[in-house]
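Observations on the model geometry
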Amino acid sequence: QVSLVESGGGLVQPGGSLRLSCAASGNIFSITTMGWYRQVPGKERELVARITEAGTTTYADSVKGRFTISRDNAKNTVSLLMNSLKPEDTAVYFCHARTAQALALRDSWGRGTQVSVSS
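Just so it is clear, the model here is predicted, and its values are computed rather than measured.

Rules used in this analysis
- Once a new chain begins, its residue numbering starts again from 1 and follows that chain's sequence as written.
- At least 70 in pLDDT is required for a residue's local features to be given in this predicted model, at least 80 for side-chain atom pairs to be given and counted, and no such filter applies to totals for whole chains, interfaces and linings, which use all residues.
- Side-chain numbers come from the whole structure's heavy atoms, not from hydrogens or water.
- Helix and strand definitions here come from DSSP, where helices need a minimum of 4 consecutive H or I residues and strands a minimum of 2 consecutive E residues; each element is numbered from the N-terminal end.
- Counting of polar contacts relies on pairs of N or O atoms within 3.5 Å, with two restrictions inside protein: one atom must be capable of donating a hydrogen and the other of accepting it, and residues adjacent in sequence are counted only when both atoms are side-chain atoms.
- We call two residues in contact when some of their heavy atoms are within 4.5 Å.
- Pairing of aromatic side chains here covers Phe, Tyr and the six-membered ring of Trp, requires ring centres within 6.5 Å, and sorts the geometry by plane angle: under 30 degrees stacked, over 60 edge-to-face, intermediate tilted.
- Three labels apply to residues, based on accessible area from a 1.4 Å probe with only protein chains included: buried if under 20% of the type maximum, exposed if over 50%, partly exposed otherwise in between.
- As a reminder, the over-ring test applies to NZ of lysine and CZ of arginine, requiring each to be within 6 Å of the ring centre and within 35 degrees of the ring normal.

Some words on the side chain of S30
Relative to the assigned elements, S30 resides in the loop between β3 (18–26) and β4 (31–39). A distance of 2.8 Å separates the side chain of S30 from the backbone oxygen of N27, its partner in a polar contact. Excluding residues that lie within four positions of it along the chain, S30 makes contacts with R98, T99, A100 and Q101.

Describing the packing of aromatic side chains
Applying the stated criterion to the full structure yields one aromatic pair. Seen from their ring centres, Y37 and W109 are 4.9 Å apart, and the 70 degrees between their planes marks the pair as edge-to-face. One end of the pair, Y37, is in strand β4; the other, W109, is in strand β10 (residues 104–109), and 72 residues separate them in sequence. Overall, Y37 belongs to the buried group, its relative accessible area being 17%. Under the relative-accessibility criterion, W109 is labelled partly exposed at 35%. If you follow R45 out to its NZ or CZ, it ends over the ring of F94, 3.7 Å from the centre. Above the face of the W109 ring, R45 is positioned so that its terminal group lies 4.7 Å from the ring centre.

Below you can see the structure in the form of structure tokens.
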């Protein structure tokens, strides 16, 4: 499996920007898809953005045009640039990585980083 640690969260005003970063360690050679999820207390964790090893990206409709996900060639870092932030973006953001070894698929999660959007 893979160990993930997020950074870059914090408090920002509406319309502002933040960049989240996630560093991966462990079996990084087996990482396929990486992504970001977010969760508000009492609600389900939801996909924000993900990116495949080939660079194909997927975004939630609510963040399209505002957020950009990227990763390096070594698959050891994934970033999320968040622009034009809204109060409804407030959540704990979790880094996710899927590894594939033989027929086994495993999911790894970071501990999460708080993003708060408020005036």
